[in-house]
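Here's the letter readout for the chains.
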Amino acid sequence: MEEKPQIKTGLFGGSFNPIHTGHLALANYLCEYGGLEEVWFLVTPQNPFKQNETLLDDHLRLKMVEAAVAGYPRFRASDFEFQLPRPSYTIHTLDKLAECYPDREFHLIIGADNWQAFDRWRSPEEIIRRHHILVYPRQGYPLEDTASLPPHVRVVQTPLIEISSTFIRKGIREGKDLRYFLHPEVFRIIQEKGLYR
Ligand code: ATP
């Protein structure tokens, strides 16, 4: 019997505090132009060893991601890391995902900023050997000659949309109306619950 090809699934991990249009437009581009069939937004839970006062509750951040991805069938909000021992290193999360979803080929989505520091991550060789990596440009981090990249690593020249959650949180605290930087449903949740004030 012919085997079905694995579903090319991008993994976009982050605290998403909150998820913004920069995250969404990037993932949207990778689906429509970057060869990915789906992108999963992997919400990183609180690290019990790192106190961060500005970080909202895990389920609230997940709720905003769920609201943002509803309606676009290529996106999924994932709480996969909520069930793993914390903090979960990328290699561990990727291995677990591959074990749980053998019908999928996972592509770790990372910015050029993180790619530059990738050799300092835990088990970088194993990540590259066992999984795929998709690198996208970030302002101020020129990408090396793509011909010199190891197999399993590829670059997609996505447009730069330099919005950050830090900017959003600060703006909201200052009373700015930043609705066009956020998915309308995310904006609504933030307003309704008075988040980041
Ligand atoms: P913060 O300002 O709180 O640090 P952030 O906006 O960088 O947050 P994260 O939740 O950390 O958001 O983002 C998840 C991942 O997306 C990170 O790897 C981050 O580098 C990347 N990222 C954040 N903003 C953008 C953007 N505008 N375009 C592309 N990638 C982004």
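The name that an unreviewed UniProt entry assigns to the protein is Probable nicotinate-nucleotide adenylyltransferase, with the source organism given as Phocaeicola plebeius. Under the UniProt heading Catalytic activity (unreviewed entry), the entry covering the protein gives this text: "nicotinate beta-D-ribonucleotide + ATP + H(+) = deamido-NAD(+) + diphosphate". Of the protein, the UniProt comment under Sequence similarities (unreviewed entry) reads exactly: "Belongs to the NadD family."

Things to note about the nonpolar core
Core analysis: the largest hydrophobic core is formed by 40 residues, its most contacted members being Ile19, Val39, Phe41, Val65, Leu108 and Ile109. Sequence-distant contacts of Ile19, defined by excluding residues within four places in its chain, comprise Leu24, Phe41, Met64, Val65, Ala68 and Val186.

Describing the pairing of strand E2 (residues 38-43)
Judged by how many residues are buried, E2 sits mostly within the fold: five of six residues are covered. The pairing of strand E1 (residues 7-14) with E2 spans six bridges and is classified as parallel. Looking at E2, one finds that Gly13 is bridged to Leu42. Bridge count between E2 and strand E3 (residues 75-78): four bridges; the pairing is parallel. The residue bridging Trp40 from the neighbouring strand is Arg76, located in E3.

Topic: helix H3 (residues 90-100)
All buried positions along H3 are accounted for by Thr90, Thr93, Leu94 and Leu97. Buried residues in H3, looked at end-on, bunch into an arc of 95 degrees, giving them a common side. Contacts from the buried residues of H3 go to strand E4 (104-111) and helix H5 (124-130).

Re the sheet that holds E3
The six strands are arranged E3-E2-E1-E4-E5-E6 in an open sheet whose pairing can be described as parallel. Both edges of this open sheet fall to E3 and strand E6 (153-155), since each of them pairs with a single strand only. Adjacent strand axes in the sheet meet at a mean angle of 30 degrees when their direction is disregarded. The strands touched by helix H1 (residues 21-32) within the sheet are E1, E2, E3, E4 and strand E5 (132-136), with E1 carrying the most contacts at an inclination of about 165 degrees.

What about unusual backbone geometry?
In this chain, Asn17 is followed by Pro18 through a cis amide linkage whose omega measures 0 degrees. Cis peptide bonds are those with omega within 30 degrees of zero, and the linkage from Arg86 to Pro87 qualifies with -10 degrees. Of note, Pro87 is situated in the loop between E3 and H3. Although it is not a glycine, His152 adopts a positive phi angle of roughly 80 degrees.

A word on the site of the ligand
With respect to spatial proximity, 15 residues lie near the ligand, and among them Gly14, Gly22, Ser164, Ser165 and Thr166 are the closest. Put simply, the parts of the chain that give the shell around the ligand at least two residues each are H1 and helix H6 (165-173). Among the elements that take part in the shell around the ligand, H1 stands out by supplying three residues, more than any other. Split into classes, the residues belonging to the shell around the ligand amount to four nonpolar, 10 polar and one charged.

What counts, and at which threshold
Residues numbered from 1 in each chain as written. Predicted model: local features only at pLDDT ≥ 70, side-chain atom pairs only at ≥ 80, totals over all residues. UniProt positions renumbered as here; feature names shortened; annotations may be inferred. Core = buried A, V, L, I, M, F, W, Y, C linked by C-beta atoms within 7 Å. Buried ≥ 20, exposed ≤ 12 C-beta atoms within 10 Å, placed from the backbone. Contact = placed C-beta atoms within 7 Å. Helix = DSSP H or I, 4+ residues; strand = E, 2+ residues; numbered from the N terminus. Pairing = 2+ DSSP bridges. Arc of directions from axis to C-beta. Axes fitted to C-alpha atoms, helices over the stretch in contact; angles between N-to-C directions. Near = placed C-beta within 6 Å. Nonpolar A, V, L, I, M, F, W, Y, C, P; charged D, E, K, R; others polar.

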